[in-house]
Amino acid sequence: MRKVLVISDIHLRSNKRNIIGLDPLKQFLEALSHGLKKHPDAEHMILIGDMTHSGHISEYELLKEATNSYKIPITFMFGNHDNRSNFTKVFPDVSLTSEGHLQKKIVLGNDVLFCLDTLNSDPHSEREHEGKLCEKRLKWLEQELIQVKNKRVSIFTHHPPHNIGFPGMDKIKLSNSADLFNIIKKYQNIKHIFSGHIHRSISGTTNNIGFTIFKSTCHQMPMDLLSVGSSLSVAEPAAYGIVLFDDQSIIAHTEDYQIALLADASNEDAMPDKL
Ligand SMILES: [Fe+2]
Ligand SMILES: [Fe+2]
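A. Looking closely at the coordination of the iron ion (ligand 1). Bound to the iron ion (ligand 1) on the protein side are Asp9 (OD), His11 (NE2), Asp50 (OD) and His199 (NE2), at distances that span 2.0 to 2.2 Å. Coordination at the iron ion (ligand 1) is irregular, judged from the 4 donor atoms that bind it and the angles of 87 to 173° they form at the metal. Spacing between the donor residues of the iron ion (ligand 1) along their common chain follows D-x1-H-x38-D-x148-H. The metal-metal distance between the iron ion (ligand 1) and the iron ion (ligand 2) is 3.4 Å, with Asp50 serving as a donor to both. Taken as a pair, His11 in the loop between strand 1 (2-7) and helix 1 (24-38) and His199 in the loop between strand 7 (190-195) and strand 8 (202-206) lie far apart in primary sequence, 188 residues in all. Here His11 matches His199 in class, with each residue buried.

B. Seen up close, the coordination of the iron ion (ligand 2). Those donors, Asp50 (OD), Asn80 (OD1), His158 (NE2) and His197 (ND1), are the protein atoms that reach the iron ion (ligand 2), and they lie 2.1 to 2.3 Å from it. Each of the 4 donor atoms bound to the iron ion (ligand 2) contributes to angles spanning 91 to 163°, and the resulting shape is irregular. Donor residues for the iron ion (ligand 2) sit on one chain with the sequence pattern D-x29-N-x77-H-x38-H.

About the thresholds
Residues numbered from 1 in each chain as written. Chains lettered and ligands numbered in written order. Predicted model: local features only at pLDDT ≥ 70, side-chain atom pairs only at ≥ 80, totals over all residues. Heavy atoms only, no water. Donors = N, O, S within 2.8 Å, 3.2 Å for Na, K, Ca; no water. Tetrahedral: all angles 85-135°; square planar, octahedral: opposite > 155°, others 65-115°. Helix = DSSP H or I, 4+ residues; strand = E, 2+ residues; numbered from the N terminus. Buried < 20%, exposed > 50% of the residue type's maximum accessible area, 1.4 Å probe, protein only.

Rendered as structure tokens:
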């Protein structure tokens, strides 16, 4: 069984600025150390977008410092809160497509994971909150898919390419999702779509493909299916994803590591030698 960790919506801020009272850097560092301690056998870690809150260079520098010596290979992905040019200034060695997009193919045995760049801007221009895959990015995907017809494929996007039932977030999903599904429907070997952006654990099927959305390591989306806002936030426990691949299945777990940390602490307190 092969294992990949997925960290979503880190929203790093510099100068110790918080988000609804939460410290994004502290919570990210807790996720990193928990992931490494509990899952040293993970072959890869994917940061599935909104790595920073404002796309500032100082925020990417925090990200670099936090991940520099991490012992699991990392793939970086953009979300609507990221900034292309600032990211590439701080991470000049991260490879981009020939058109400058942050898209990557990860091969894990019989599984191929395509990490797509849904940030709605050409390289080096301003961001929009809804996602988009331009013709160049879609063409890259199709050219890669043709080469892995014998593999099982998973797609990773920051913006979900489908509705999830939160009106405010459905307005800023992947705007041209029909273009993506026009490609996906030609390839029966595409089995699952993983996304972030919503800041809540959600799963289901769309266009006959399974999907999973992971919580943020910082603030979460409240369970509110009526409000039209896209920045609703609540300090529910943070989580990261653990995806397992075996011959039969793609299995998505969510690890609410802040609950786990509390449980670990109380178990230690309960040990007889501590009495
Ligand atoms: Fe986010
Ligand atoms: Fe987002």
